[in-house]
Amino acid sequence: MSLDLKNEIDAMINERNMREDQVISLIQDMIRSAYKKKFGTDENCVIEFDDTMRVMSVYQIRKVVKEENWYSAYTEIPIDEAIEMTGDEEIQEGDEVKIPLDPKNFESASVQSAKQRGQQIVKEYFNDKMYADNKRKEGKLIYGEIKRRKENGDYAVNIGLPIEATFPLKGQSPRETYATQQKYKFLVEKVDKADAPQERKGRKDKREERGVRITLTRSSRDFVKALIENEVPEIASGDVEIKSIARQAGVRTKIAVTTRKADVDPVGAVVGAKGLRIQAVMTECEGEKIDIIRYSDDPLAYVANALIPAQVQRVVVMDPSSKHIIAIVDDNQLGIAIGQSGVNVKLAKMLCDWNIEVKTPSQFAEMEETQKIYENVDDLFRNEEEKPEEKEEKLSNEEMGIAPDDTPVSELGLDKALVDKLQKRDIWSIEEFFEYSDEELKELGFTDDEIQEIRSFVVIEEDDEYSFECPNCHTVLPAGTTVCPNCGVEFEFE
């Protein structure tokens, strides 16, 4: 028996937008599913398709056995019955015969199982195609119409597909309000597939079905980036490059731009004539402030630029390893540099990836760390071959707080690292060192070996090597003499 499937194949190609080979594979899968439901296995099911006639034939393969060895009515056939069915007298035990079947005679339960299997395959194909078609839209702008608001604050959005996209609460800007039946621009943030049913939070009776999920956003920094890219052709041409973006949705966004062409002003290109380009982006973001700054490889210039609209006097690197930097501004610029609720300096930190502190000149002068600032911070960002010879400038004993008769630790011959460690703990002379007990020195971070090493460098002169002259008879006497043996004069020492 053969099934004429021409009409069915054409209908599925047109209605489901499937290729012919996919439709044929689907029908074969459905028949195989019905066969397995009826006979318990599909291992001996053979399906043949005639491409020219578009007909499909189904066969059951049975193994020829002797009558006494016949146990399975679906996988085996007695030799006498095989000969009678095929008319082939030469059939022997162990041969296989192909018995034609009519799928229309399958039981209704088998047919229903096949239909369910077919529906599942069609749905999987639909989901796969939907996923592939929309995965390419990630990071791109689309228009969508708000359909309804869900209980959890998310919105369902019609984006012109058989499925609705999700506009989650976290993707919404706090500056904006959204109305149903209104159209907005969205960024496709993520397209993924739900491979297994998942319970929806707070609604245990409802389960999220398998399928494609499209997540939209208007609060991410990439949303602003996409808007800028749409407005500025110089970005598409490569003349202008966006280096970094920092955003607090609904409040402020900072964008650092650069160019490789000397005749192109990247900031001016993004802002546009009379500010039209950036104004269009700000309007789309409901008036959110957007700062366009020039990127620089020099962190000092980059940080100063990042703090606009504040005017920065100068920038000082405190610690390159921890990326700690201080921006010094006039008193009347302090509030502008920090911004309302600290948003301006916070975004500048995110943009530059530096830990930025904003100080006025008086605040900076009061900082104890001022004495540790590098004398020439520009040298930190030059190549080694460009660095001038560093001249070590020694402080005087008075500047270090060392008494005239005290011995500086730098003159003991200790290792330089150990000397630096002593001085960082405000121990500048050996006399100051001996004012601390071993326990106190350990609390300051010195090890037993370091304490012993410092002590070993100090040589105390022995008293018995000293002598003096008797003031009465001028006899030279050893140290410690209390009565002159020559004239009997007694001595008292302080």
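For the structure itself, look to the data block above.
A.B. asks: Would you take a moment to explain the overall build of the chain for this structure?
C.D. replies: On a plain count of helices and strands, the chain comes out with 16 helices and 20 strands. Counting across all 494 residues of the chain, residues that qualify as buried make up 39%. Pairs at least 24 residues apart make up 54% of the contacts formed inside the chain by residues separated by at least 6 positions. Summed over its atoms, the accessible surface of the chain is roughly 30,900 Å², and 44% of this surface lies on carbon and sulfur atoms.

A.B. asks: Would you explain the pairing of strand 2 (residues 45-50) in this entry?
C.D. replies: On a regular strand, one side chain projects to one face of the sheet and the next to the other, so that they alternate. Going residue by residue along strand 2, you find Cys45, Ile47 and Phe49 tucked away on one face and Val46, Glu48 and Asp50 left uncovered on the opposite face. The sheet contact formed by strand 2 and strand 3 (residues 55-65) spans six bridges and is antiparallel. Residue Asp50 lies in a different strand from strand 3, and its bridge partner there is Val55.

A.B. asks: Hey, could you run me through the sheet that holds strand 13 (residues 241-248) in this one?
C.D. replies: In space, the three strands of this open sheet follow the order 13-14-15, with mixed pairing throughout. Every other strand in the sheet has two partners, leaving strand 13 and strand 15 (289-294) as the edge strands with one partner each. On average, adjacent strands in this sheet sit at an angle of 15° to one another, irrespective of strand direction. Pairing of strand 14 (residues 252-258) with strand 15 involves six bridges; the strand directions are parallel. By the bridge assignment for strand 15, Arg252 is matched with Lys289. Along the sheet face, helix 5 (residues 221-231) touches strand 13, strand 14 and strand 15 and points at about 135° away from the line of strand 13. Against the sheet, helix 11 (residues 343-352) contacts strand 13, strand 14 and strand 15, and its axis sits at roughly 140° relative to strand 13.

A.B. asks: Looking at this structure, how should I read the packing of helix 5 against helix 8 (residues 276-284)?
C.D. replies: Relative orientation and spacing of two packed helices are given, respectively, by the angle between their axes and the distance between those axes. The N-to-C vectors of helix 5 and helix 8 enclose an angle of 145°; their axes lie 10 Å apart at closest approach. Of the two possible hands of crossing, helix 5 and helix 8 adopt the one that is right-handed. In this structure, helix 5 uses Phe223, Val224, Leu227, Ile228 and Glu231 to contact helix 8, whose residues at the interface are Arg277, Ile278, Ala280, Val281 and Glu284. Considering only residue class, the contact of helix 5 with helix 8 consists of seven nonpolar, no polar and three charged.

A.B. asks: Any chance you could explain empty space enclosed by the protein here in plain terms?
C.D. replies: It is a probe the size of a water molecule, rolled over the atoms, that shows where empty space is left. Per the counting criterion, the structure on display carries one cavity of 30 Å³ or more. In this structure, the largest cavity occupies an estimated 30 Å³ of space. Among the residues forming the lining of the largest cavity, the class breakdown is one nonpolar, three polar and three charged.

A.B. asks: Just to check I follow, could you spell out the sheet that holds strand 17 (residues 324-329) for this structure?
C.D. replies: Strands pair in a sheet through their backbones, by hydrogen bonds, and they do so in one of two ways: parallel or antiparallel. Read from one edge of the open sheet, three strands run 16-17-18, paired in mixed fashion. Each end of this open sheet is capped by a strand with a single partner; those strands are strand 16 (312-319) and strand 18 (355-359). Neighbour to neighbour, the strand axes of the sheet diverge by 25° on average, direction disregarded. By the bridge criterion, five bridges tie strand 17 to strand 18 in an arrangement that is parallel. Among the inter-strand pairings, Ile326 is bridged to a residue of strand 18, identified as Glu357.

A.B. asks: Quick question: what am I supposed to make of the packing of helix 9 (residues 299-306) against helix 11 here?
C.D. replies: Running from N to C, helix 9 and helix 11 point in directions that differ by 145°, and their axes come no closer than 9 Å. The two elements helix 9 and helix 11 cross, and the hand of that crossing is right-handed. Here helix 9 contributes Tyr302, Val303 and Ala306 to the contact with helix 11, which in turn contributes Ala348, Leu351 and Cys352. In terms of residue class, the contact of helix 9 with helix 11 is built from six nonpolar, no polar and no charged.

A.B. asks: Quick question: what am I supposed to make of the environment of Asp10 here?
C.D. replies: Within the fold, Asp10 resides in helix 1 (residues 6-16). Residue class for Asp10 comes out partly exposed when judged on its relative accessible area of 24%. When the C-alpha positions of Asp10 and Val23 are compared, they lie 9.0 Å apart, and in sequence the two are 13 residues distant.

A.B. asks: What is the right way to read the nonpolar core from this model?
C.D. replies: It is characteristic of soluble globular proteins that their nonpolar side chains tend to be buried jointly. Residues Val303, Leu307, Ile325, Leu351, Trp354, Ile356 and Val358 are the most contacted members of the largest nonpolar core, which totals 26 residues. Those elements that place two or more of their residues in this core are helix 9, strand 16, strand 17, helix 10 (334-338), helix 11 and strand 18. It is helix 11 that provides the largest number of residues to this core, a total of six residues. Beyond its immediate sequence surroundings of up to four residues, Val303 is in contact with Val315, Ile325, Cys352, Trp354 and Ile356.

A.B. asks: What is the right way to look at the pattern of salt bridges in this model?
C.D. replies: Here the idea is simple: oppositely charged side chains can pair when their charged atoms come close. Scanning all chains against the criterion turns up 21 salt bridges. Among the ionic pairs, Glu176 bridges to Arg218, the shortest N-O distance being 2.9 Å. Taken as a pair, Glu176 in the loop between strand 8 (165-167) and strand 9 (183-194) and Arg218 in the loop between strand 12 (211-217) and helix 5 lie far apart in primary sequence, 42 residues in all. Both residues of the pair, Glu176 and Arg218, count as buried. In this structure, Asp192 engages Lys190 in a salt bridge whose closest nitrogen and oxygen atoms are separated by 4.0 Å. Exposure remark for Asp192: the relative accessible area of 19% places this residue in the buried category. On the basis of relative accessibility, which here comes to 44%, the residue Lys190 falls in the partly exposed class.

Cut-offs and rules
Per-chain numbering applies: the sequence of each chain, read as written, is numbered from 1 onward. Reporting in this predicted model follows two pLDDT cut-offs: at least 70 for local features of residues, and 80 or more for side-chain atom pairs to be given and counted; totals over whole chains, interfaces and linings ignore these cut-offs and use all residues. Note that the side-chain values use all heavy atoms of the structure and ignore hydrogens as well as water. Helix and strand labels come from DSSP, where a helix needs a run of H or I of at least four residues and a strand needs a run of E of at least two; each type is numbered from the N terminus. We call a residue buried when its accessible area falls under 20% of the maximum for its residue type, exposed when it is over 50%, and partly exposed in between, using a 1.4 Å probe and counting protein chains only. The contact definition used throughout considers only heavy atoms, calling two residues in contact when any of these lie within 4.5 Å. Computed with a 1.4 Å probe, the accessible areas rest on the Shrake-Rupley method; for each residue, only the protein chains presented here act as cover. In this scheme, strands are said to pair when DSSP sees at least two bridges between them. Angles run from 0 to 180 degrees between N-to-C directions of axes, and those axes are lines fitted to C-alpha atoms, restricted for helices to the stretch in contact. Should the near helix be turned counterclockwise from the far one by less than a right angle, the crossing is left-handed, whereas a clockwise turn marks it as right-handed. Amino acid classes used here: Ala, Val, Leu, Ile, Met, Phe, Trp, Tyr, Cys and Pro are nonpolar; Asp, Glu, Lys and Arg are charged; the rest, including Gly, are polar. For cavity detection a 1 Å grid was placed over the protein atoms alone, and a set of points counts as a cavity when a 1.4 Å probe fits there but cannot get out; an open set counts as a pocket when protein lies on both sides within 12 Å along at least five of seven lines, with lining residues being those that have an atom within 4 Å of a point. Grid points are joined across faces, edges and corners, and a volume is the space filled by probe spheres set on the points. To form a nonpolar core, buried Ala, Val, Leu, Ile, Met, Phe, Trp, Tyr and Cys residues must be joined to one another through side-chain atoms within 4.5 Å. Whenever Lys or Arg places a side-chain nitrogen within 4 Å of a carboxyl oxygen from Asp or Glu, that contact is recorded as a salt bridge.

The values are spatial; any link to function lies outside them.
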